[in-house]
Amino acid sequence: MSLRDLSVLYLLAGLACAVAVYRASRDRGDARRRAALSAALCVPLWPIWAPVALTAGRGAASDRPDGGAGTAAARVQGALREGVSACAGTSFEALLSREAAARIEAEVARAAARHAELDALLRQGGFDEAAAAARVAEIERGGAGGRALATAHLHLENIRRLRAMRDRDARALEELADLVQALRTQLVLARFAGSSVEGVGGIVSEVWARVEGLGAAIDAHGGAGSEGPIAT
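Residues numbered from 1 in each chain as written. Predicted model: local features only at pLDDT ≥ 70, side-chain atom pairs only at ≥ 80, totals over all residues. Heavy atoms only, no water.

## Here we look at the pattern of salt bridges
If the charged atoms of two oppositely charged side chains come close together, the side chains can form a pair. Put simply, the rule is: Salt bridge criterion: a side-chain nitrogen from Lys or Arg within 4 Å of a carboxyl oxygen from Asp or Glu. Note on conventions: DSSP H or I runs of at least 4 residues are helices, E runs of at least 2 residues are strands, and numbering of each starts at the N terminus. Only protein chains enter the calculation, and the probe is 1.4 Å; a residue is then buried if its accessible area is under 20% of its type maximum, exposed if over 50%, and partly exposed in between.
Under the counting rule described, the total for this entry stands at 14 salt bridges. With its nearest N and O atoms 3.7 Å apart, the salt bridge here joins Glu105 to Arg81. Of the two residues, Glu105 is situated in helix α4 (residues 98-122) and Arg81 in helix α3 (residues 69-87); the sequence distance between them amounts to 24 residues. Overall, Arg81 belongs to the partly exposed group, its relative accessible area being 49%. Arg110 serves as the salt-bridge partner of Glu107, at 2.6 Å between the closest nitrogen and oxygen. On the criterion of helical spacing, the pair formed by Glu107 and Arg110 is a turn pair, its members being 3 residues apart in helix α4. Among the charged side chains, a network of salt bridges with common partners joins Asp119, Arg123, Arg166 and Asp167.

Here it is, written out as C-alpha cells:
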C-alpha cells in the first residue's frame, strides 16, 4: 500500500471520527460552533482527540443535575423515616432515634447541596473539559510551549479535579442510600421476626461511619470549594 493510499485511509478515518464527535457533542447539548470545532480537530488528530471528545460526551450525557445525588438523598430520607417508624417503641429505638435520623439527613443534605453546586459550576462554558482539552491540543499542535501551555494544562487539570470531587460525592451518596435502605429492611425484619440488636448495630455503625466521612470531606474542602487553592 502506497503512502497516498495510507493518507486517504487516514483522512477517511478522521472524517468518520469527526462525524461521530459532532453528533455526540450535539446530543449532549453543546453549541453548534463548539461541536464543529471539536469535530474539526478530529480530522487531523483523530487518534488523539476522538477518544477524549467521545469520552467527555458519555460523561456529560450520564451526569444530569441531581439525577444521581438528588435521588440518592431522597432515598436516604425516605428510608430513614421508615426505619425510625419501624423501630419506634421497640428495643431498637435507641439505635435510630428521630434525633439521630435528623442529623444524618442534615449531613446528607449538605453533601447533596455541594454536589449540585459543583454540577452547576461544571456546566458553565468556562469549565468545559472538552474545550479545555482542545485548547491544550491546539497549543501543542502549534508548537507553543512555556507559560501558555502550562496555563492550559493547569486549567484542564483543575476542571478534572472538580469533576472528580463531584463524582466522588455522587458515589458516596449512592452507597450511603443503599446502606440506609438495607438498615431500614433490617429494622423491619427485626421488629417482626424478633431478631437481636447485634445484627442491626453493625449496620448502624457503618451508616454513621459513612455519614462522618461525608461531613469530613465537606469540611476539609470548605464546602463546595476545591481541594485546596487552585491556581489560575
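## Thoughts on the packing of α3 against helix α6 (residues 146-193)
Under the convention used in this document: Every axis corresponds to a line fitted to the C-alpha atoms, with the helix fit spanning only the stretch in contact, and the corresponding angles, defined between N-to-C directions, vary from 0 to 180 degrees. Roughly parallel refers to an angle under 35 degrees, roughly antiparallel to one over 145, roughly perpendicular to one between 65 and 115, and oblique to any angle outside these ranges. Note on convention: near helix rotated counterclockwise from far helix by under a right angle means a left-handed crossing. Clockwise means right-handed. Any two residues whose heavy atoms approach within 4.5 Å are treated as being in contact. In this count, Pro and Cys sit with the nonpolar residues alongside Ala, Val, Leu, Ile, Met, Phe, Trp and Tyr, while Asp, Glu, Lys and Arg are called charged and the others, Gly among them, polar.
Packing of α3 against α6 leaves a shortest axis separation of 8 Å and a crossing angle of 20°. One finds that α3 runs roughly parallel with respect to α6. Of the two possible hands of crossing, α3 and α6 adopt the one that is left-handed. Only Leu173, Glu174, Leu176, Ala177, Asp178, Val180, Gln181, Arg184, Leu187, Val188 and Arg191 of α6 make contact with α3, whose side of the interface consists of Ala69, Ala72, Arg75, Val76, Ala79, Leu80, Glu82, Gly83, Ser85, Ala86 and Cys87. Class assignment of the residues belonging to the contact of α3 with α6 gives a composition of 13 nonpolar, 3 polar and 6 charged.

Read these as layout, nothing more, since geometry by itself doesn't imply function.
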